[in-house]
Amino acid sequence: MSKKALSTRYKFEFYDGSSCEMTLSFIALKRLAGKRKGLYDRMMKVMSDGGKDEFDTLTLLYGAYVCANLDAEELMTEDEFIELCGCDRFALTEAVQKMTNPKNRTASAAPSN
């Protein structure tokens, strides 16, 4: 049975209109664990314990940015990344949700009992 894999890459738009690729795919996380263990550990703590404050969302987003761009010659620092994110908390949270639950879930047409 062949089934096309669902893309887990996400194009994130910063407040200034620029954008970057992000992913939280398992293979990207595995590569991150080997190359940037400290960031990986911080992300896994947030994923397993749940977010405690708004910076946890930003940690996941920055990690997803690094995962998607791990082979790039130059990456933004975490502070540079956070500065570009702006303060639309809904958009930041929605971006994390789209990467952690990539399937397009639609409501069932049948009424629930």
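See the structure shown above.
Residues numbered from 1 in each chain as written. Predicted model: local features only at pLDDT ≥ 70, side-chain atom pairs only at ≥ 80, totals over all residues. Heavy atoms only, no water.

**Section: helix 2 (residues 37-49)**
- In this model, helix 2 (13 residues) spans 18 Å end to end at C-alpha, consistent with the 18 Å of a helix rising 1.5 Å per residue.
- Among all positions of helix 2, only Leu39, Met43 and Val46 are buried. For helix 2, the arc enclosing every buried residue in end-on projection is 60°, short of the 170-degree limit, so these residues lie on one face. In helix 2, the exposed residues that point more than 90 degrees away from the buried face are Lys45 and Ser48.
- For helix 2, the elements touching its buried residues are helix 1 (26-35) and helix 3 (54-68).
- Backbone geometry just after helix 2 places Gly50 at a positive phi near 85°. (Helix = DSSP H or I, 4+ residues; strand = E, 2+ residues; numbered from the N terminus. Expected span 1.5 Å × (residues − 1). Buried < 20%, exposed > 50% of the residue type's maximum accessible area, 1.4 Å probe, protein only. Arc of directions from axis to C-beta. Contact = heavy atoms within 4.5 Å.)

**Side note on the pairing of strand 1 (residues 9-13)**
- By the alternation rule, side chains of strand 1 split into Tyr10 and Phe12, which are all buried, and Arg9, Lys11 and Glu13, of which none is buried.
- Across 5 bridges, the pairing between strand 1 and strand 2 (residues 19-23) is antiparallel. If you follow Tyr10 over to strand 2, its bridge partner there is Met22.
- Counting the residues in the hairpin turn of strand 1 and strand 2 gives 5 residues, including Gly17, whose phi is positive at 95°. (Pairing = 2+ DSSP bridges.)

**As for the nonpolar core**
- In this structure, Phe12, Met22, Leu61, Tyr65 and Phe81 are the most contacted members of the largest nonpolar core, which totals 28 residues.
- Among the elements that take part in this core, helix 3 stands out by supplying 8 residues, more than any other.
- Filtering out sequence-adjacent residues up to four positions away, Leu61 remains in contact with Phe12, Met22, Phe81, Leu92, Ala95, Val96 and Met99. (Core = buried A, V, L, I, M, F, W, Y, C linked by side-chain atoms within 4.5 Å.)

**Section: the side chain of Thr23**
- Of note, Thr23 is situated in strand 2.
- A distance of 3.1 Å separates a polar atom in the side chain of Thr23 from the backbone nitrogen of Ser25.
- Among all residues touching Thr23, those that are not within four sequence positions of it are Thr8, Arg9, Ala28, Ala64, Cys67, Ala68 and Met99. (Polar contact = N/O pair within 3.5 Å; in protein donor to acceptor, adjacent residues only side chain to side chain.)

**A closer look at the packing of helix 3 against helix 5 (residues 89-100)**
- At a minimum axis distance of 10 Å, the contact between helix 3 and helix 5 shows a crossing angle of 50°. By the angle between their axes, helix 3 is oblique relative to helix 5. Considering only the axes of helix 3 and helix 5, their crossing is left-handed. Residues Glu54, Thr57, Leu58, Leu60, Leu61 and Ala64 of helix 3 form the contact with helix 5, whose own contacting residues are Arg89, Leu92, Thr93, Ala95, Val96 and Met99.
- Among the residues making up the contact of helix 3 with helix 5, the classes are represented as 8 nonpolar, 2 polar and 2 charged. (Axes fitted to C-alpha atoms, helices over the stretch in contact; angles between N-to-C directions. Parallel < 35°, antiparallel > 145°, perpendicular 65-115°, else oblique. Left-handed = near helix turned anticlockwise from the far one by under 90°. Nonpolar A, V, L, I, M, F, W, Y, C, P; charged D, E, K, R; others polar.)

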